[in-house]
Amino acid sequence: MSTEEKLYTPSEWSKRYRSEELMSRFLIFAVNVTKKARNATKCLLDIPYGPTERSKYDIYGIDLPNDAPIFIFIHGGYWQELSKDFAGFAVPVLVANKIKVIPIGYDLCPNVKIQDIICQIKVAIETILSSAVDSGCRCVWICGHSAGAHLAAALLHDTKWIECMTERGYFPLIKGLLLAGGIYNLGPLTNTSYNEALKLSQDDIRELSFSILDAKENNPIKNLKVIATVGECDSPVFINETREYAQKIMSFVDNVEYILLRDNIDHFDIVENLLDAEFVLTRLILKYMNV
């Protein structure tokens, strides 16, 4: 494995297990957690927001009050793996605290491009926000993990989308973004095996590398908190990119917090630990969402 390939393979940096064992354990854990959540929580699955098989989302906590806060989760997988069926980590604790959880599914590369996925995420969130406004929802937070953090971050860089959502009365409902273990500069991926599915063009790299975009054109974003977080046992590249991206968006987002999670937190247990009500990120979610 080349140095660059290792730097962009987060499972290589965990202190818990070797890379292959970590991935195997994570996948099994994620599926089991989601199955348990579906069995133990009143939920509505596979709600379509688009025409494709994967353009669907799930709602956990459908028995909660109409005005309950909503936590939207965007899964990772390098834009080419996983699904909402691996995304139930936040469900038990948040639903128990009267917060609805909505994991979003989306199409994967190479069947689509990253830009297509970003468009899907915006449609999904617009659909969810429209329903949330109608039901009197008190607030919405959006969480993205890994590639999902990049997809969530894309919302901050689409001025026209923000203006449209604001005009419709949707955007003010979004109170926060939690970006966990994200990747925000796509250029170096062209030198890794991940690009076989991503097929990144120079235009993709220029438009979607958010940590190196010129932010001068971005309008100020107020009344929105962004938490950019990463584990200390993630790849050094992911740690640096998270810090650099947090600094970048401070130029136009009023309330930005960077958190480096200690205690050997890696790229995968950063979301596994959302099952723990005492985990620092879970406590922050509950603090900001129990409005």
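Residues numbered from 1 in each chain as written. Predicted model: local features only at pLDDT ≥ 70, side-chain atom pairs only at ≥ 80, totals over all residues. Heavy atoms only, no water.

Novice: An account of the overall build of the chain is needed here, citing residue identities and associated values.
Specialist: The secondary structure content of the chain amounts to 11 helices and eight strands. Against the globule reference of 19 Å for 291 residues, the chain gives a C-alpha radius of gyration of 18 Å, in line with a compact fold. Based on the C-alpha atoms only, the size of the chain along its principal axes is roughly 50 × 45 × 35 Å. Counting all 291 residues of the chain, 57% fall into the buried class. (Helix = DSSP H or I, 4+ residues; strand = E, 2+ residues; numbered from the N terminus. Rg over C-alpha atoms; globule rule 2.2 N^0.38 Å. Buried < 20%, exposed > 50% of the residue type's maximum accessible area, 1.4 Å probe, protein only.)

Novice: Please provide a residue-by-residue account of the side chain of S211, values included.
Specialist: Relative to the helices and strands, S211 is located in the loop between helix 8 (202-208) and strand 7 (221-231). Given the relative accessible area of 8%, S211 is considered buried. Contact partners of S211, with chain neighbours within four places excluded, come to Y184, N185, Y245 and K248. (Contact = heavy atoms within 4.5 Å.)

Novice: Run through the nonpolar core, naming residues and quoting values.
Specialist: Counting 71 residues, the largest nonpolar core has W79, I104 and I142 as its most contacted members. It is helix 4 (residues 114-135) that contributes the most residues to this core, nine residues altogether. Sequence-distant contacts of I142, that is, excluding residues within four places in its chain, are made with I72, I74, I125, A152, L155, I174, G176, L177 and L178. Judged by nonpolar contacts, the second largest core, of 39 residues, contains A37, A180, I259 and I270. (Core = buried A, V, L, I, M, F, W, Y, C linked by side-chain atoms within 4.5 Å.)

Novice: So, the pattern of salt bridges: which residues are in play, and what are the values?
Specialist: Across all of its chains, the model carries 16 salt bridges by this definition. E53 is the salt-bridge partner of K56, the closest N and O atoms lying 3.3 Å from each other. For K56, a relative accessible area of 18% corresponds to the buried category. Shared partners join several salt bridges into a network, and the residues in it are R38, D46, D58, K84 and D85. (Salt bridge = Lys/Arg side-chain N within 4 Å of Asp/Glu carboxyl O.)

Novice: I'd like a rundown of the UniProt feature "domain: BD-FAE-like" (unreviewed entry) in the chain, residues and numbers included.
Specialist: Per the UniProt entry, the sites bearing "domain: BD-FAE-like" (unreviewed entry) are residues 66-158 in this numbering. Helix and strand shares over residues 66-158 are 38% and 17% respectively, and the end C-alpha atoms of the span are 29 Å apart. (UniProt positions renumbered as here; feature names shortened; annotations may be inferred.)

Novice: Give me the sheet that holds strand 3 (residues 70-74): which residues, what numbers.
Specialist: With mixed pairing, the eight strands of this open sheet are ordered in space as 1-2-4-3-5-6-7-8. Edge positions in the open sheet fall to strand 1 (43-48) and strand 8 (253-261), since each of these has one partner strand only. Going across the sheet, the axis of each strand differs from the next one's by a mean of 15 degrees, ignoring polarity. The pairing of strand 6 (residues 174-180) with strand 7 spans five bridges and is parallel. What sits directly across from G176, in strand 7, is K225. (Pairing = 2+ DSSP bridges. Axes fitted to C-alpha atoms, helices over the stretch in contact; angles between N-to-C directions.)

Novice: Before we move on, could you go through the pairing of strand 7 and cite the residues and values that matter?
Specialist: Most of strand 7 sits out of view: nine of its 11 residues are buried. Relative to strand 8, strand 7 runs parallel, the two being bridged by eight bridges. Residue pairing in the sheet places K225 in a bridge with N255 of strand 8. Crossover connection from strand 7 via helix 9 (residues 236-249) to parallel strand 8: handedness right-handed. (Right-handed = clockwise from strand over helix to strand, strands pointing away.)

Novice: Kindly report on the packing of aromatic side chains, identifying the contributing residues and their values.
Specialist: Under the definition given, this model contains 10 aromatic pairs. Ring geometry for Y49 versus Y57: centroids 6.3 Å apart, planes at 20 degrees, classification stacked. Grouped by ring-pair contacts, the aromatic residues F26, F29, F89 and F268 constitute a single cluster. (Phe/Tyr/Trp six-rings, centres within 6.5 Å; stacked < 30°, edge-to-face > 60°.)

Novice: Could you give an account of the environment of S235, with specific residues and numbers?
Specialist: Here S235 is to be found in the loop between strand 7 and helix 9. As for S235 and L82, which are separated by 153 residues in sequence, their C-alpha atoms are 20 Å apart. Setting aside residues up to four positions removed in sequence, S235 forms contacts with L7 and W13.

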